[in-house]
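These are the residues of each chain, in order.
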Amino acid sequence: MLAANLELAHTVQQIIEFIGTFAFAISGIRMAAAKHFDWFGGFVCGFAVAIGGGTIRDVMLGAIPFWMTSTIYIICTIIAMLVVIVFAKSLIRWENAWLTFDTFGLALFTIAGLQKTLQYDHPFWVAIIMGCITGVAGGIIRDVLLNQEPVIFQKDIYAMASVAGGLLYWLLFKLEVNVGLTSIVAFLAICCIRFLAIKYHISLPILRDEIKDHS
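- Going by an unreviewed UniProt entry, the chain carries the name Glycine transporter domain-containing protein and comes from Segatella oulorum F0390.
- A UniProt comment under Sequence similarities (unreviewed entry) is attached to the chain, and it reads "Belongs to the UPF0126 family."
- Check the Subcellular location (unreviewed entry) section of the UniProt entry for the chain; it says "Cell membrane".

Encoded structure:
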């Protein structure tokens, strides 16, 4: 039974990492297109955002970075590149395309980070932090490459959506809910928190510089 559960968790993790790679690659390439990068620059940006968080996670776990074990992740980024090129006009009309795919990538990679960390027998609080790193680090790399302020440092709920999804995953895990269902519920929770925060302009309190405020 335990072996079956581990095998299921591994399969779910691989599926999540593949879909997350595609979603993050789309968001990175789409934003690179908005900055008028050439095809190679767009691919580099898409690949960097797709593998960035997972690479940092795997290095910290002492594992071989996930994208080095299979060419599927490079192929996935190439497919994402072709989608952006072929459907460029449609993506332009869909103004929030990058936001949608970025949110999907955030949710999927958060879950993948949680699952992989748990497979290495780390406590759950470590898994939640690693899930957050896996989810947000790629976006930071993308924004640095595009020379803009990282989303994580803006007012929008981003990393906190990842943490909230991680806590929900932990709760369902403790209740021994099926790993597939747990992943789906955590994914939907992260996406809903992110989308609702943007729609209703929900954000964390802003740090204030008392010196400037009183000058």
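The discussion continues.
**Brief notes about the packing of aromatic side chains**
- Counted by the stated rule, this structure contains 10 aromatic pairs.
- Judged by centre distance (5.8 Å) and plane angle (40°), the ring pair of Phe-104 and Phe-187 falls under tilted. Here Phe-187 lies in helix α8 (residues 179-199) and Phe-104 lies in helix α5 (residues 97-119), a separation of 83 residues in the sequence.
- Since its relative accessible area comes to 28%, Phe-104 is described here as partly exposed.
- Taking 6.3 Å as the distance between ring centres and 65° as the angle between the ring planes, the aromatic pair formed by Phe-124 and Trp-170 counts as edge-to-face. With Phe-124 in helix α6 (residues 124-145) and Trp-170 in helix α7 (residues 159-174), this pair connects stretches of sequence that are 46 residues apart.
- Exposure remark for Trp-170: the relative accessible area of 35% places this residue in the partly exposed category.
- These aromatic residues form a ring-pair network of at least three members: Phe-24, Phe-66, Tyr-73 and Phe-109.

**Looking at the side chain of Thr-21**
- Positionally, Thr-21 belongs in helix α1 (residues 2-34).
- With residues up to four places along the chain from it excluded, the contact list for Thr-21 reads Ala-50, Phe-66, Tyr-73, Cys-76, Thr-77 and Phe-109.

**Describing the UniProt feature "transmembrane region" (unreviewed entry) in the chain**
- In the numbering used here, UniProt assigns the "transmembrane region" (unreviewed entry) feature to residues 12-32, 39-60, 66-87, 99-118, 124-145, 157-173 and 179-198.
- In residues 99-118, the share of helix is 100% and the share of strand is 0%. The end C-alpha atoms are 29 Å apart.
- With 100% helix and 0% strand, residues 124-145 has end C-alpha atoms that lie 32 Å from one another.

**Quick word on unusual backbone geometry**
- Non-glycine residue Asp-121 carries a positive phi angle of around 65°.
- Along the polypeptide, Asp-121 turns up in the loop between α5 and α6.
- Looking at Asp-121, the relative accessible area reads 69%, which means it is exposed.
- The phi torsion at Glu-176 lies on the positive side, around 60°, for a residue other than glycine.

**Describing the packing of α6 against α7**
- Here α6 crosses α7 at 140°, and the two axes come no closer than 9 Å. Taken together, α6 and α7 sit at an angle that is classed as oblique. Relative to α7, the crossing made by α6 is right-handed. Along its contact with α6, which presents Phe-124, Ile-128, Gly-131, Cys-132 and Val-136, the element α7 presents Ala-159, Ser-162, Val-163, Gly-166, Leu-167, Tyr-169, Trp-170 and Phe-173.

**What about the packing of helix α2 (residues 39-61) against helix α3 (residues 72-86)?**
- Taken N-terminus to C-terminus, the directions of α2 and α3 make an angle of 130°; their axes are 10 Å apart at the nearest point. The angle between α2 and α3 places the two elements in the oblique class. Crossing hand, α2 versus α3: right-handed. Across the interface between the two elements, Trp-39, Gly-42, Phe-43, Gly-46, Phe-47 and Ala-50 of α2 pack against Tyr-73, Ile-74, Thr-77, Ile-78, Met-81 and Ile-85 of α3.

**Quick look at a nonpolar patch on the surface**
- Taken together, the side chains of Trp-39, Ile-74, Ile-78, Leu-82, Ile-85, Val-86 and Phe-87 present a nonpolar region at the surface, about 680 Å² in accessible area.
- Of the residues forming the nonpolar patch, the biggest block, 5 residues, is contributed by α3.
- Structurally, Trp-39 can be placed in helix α2.

What counts and how
Residues numbered from 1 in each chain as written. Predicted model: local features only at pLDDT ≥ 70, side-chain atom pairs only at ≥ 80, totals over all residues. Heavy atoms only, no water. UniProt positions renumbered as here; feature names shortened; annotations may be inferred. Phe/Tyr/Trp six-rings, centres within 6.5 Å; stacked < 30°, edge-to-face > 60°. Helix = DSSP H or I, 4+ residues; strand = E, 2+ residues; numbered from the N terminus. Buried < 20%, exposed > 50% of the residue type's maximum accessible area, 1.4 Å probe, protein only. Contact = heavy atoms within 4.5 Å. Axes fitted to C-alpha atoms, helices over the stretch in contact; angles between N-to-C directions. Parallel < 35°, antiparallel > 145°, perpendicular 65-115°, else oblique. Left-handed = near helix turned anticlockwise from the far one by under 90°. Patch = residues over 30% accessible without salt bridge, like charges linked within 9 Å, V, L, I, M, F, W, Y side chains within 5 Å. Areas by Shrake-Rupley, 256 points an atom, 1.4 Å probe, with all protein chains shown as cover. Salt bridge = Lys/Arg side-chain N within 4 Å of Asp/Glu carboxyl O.

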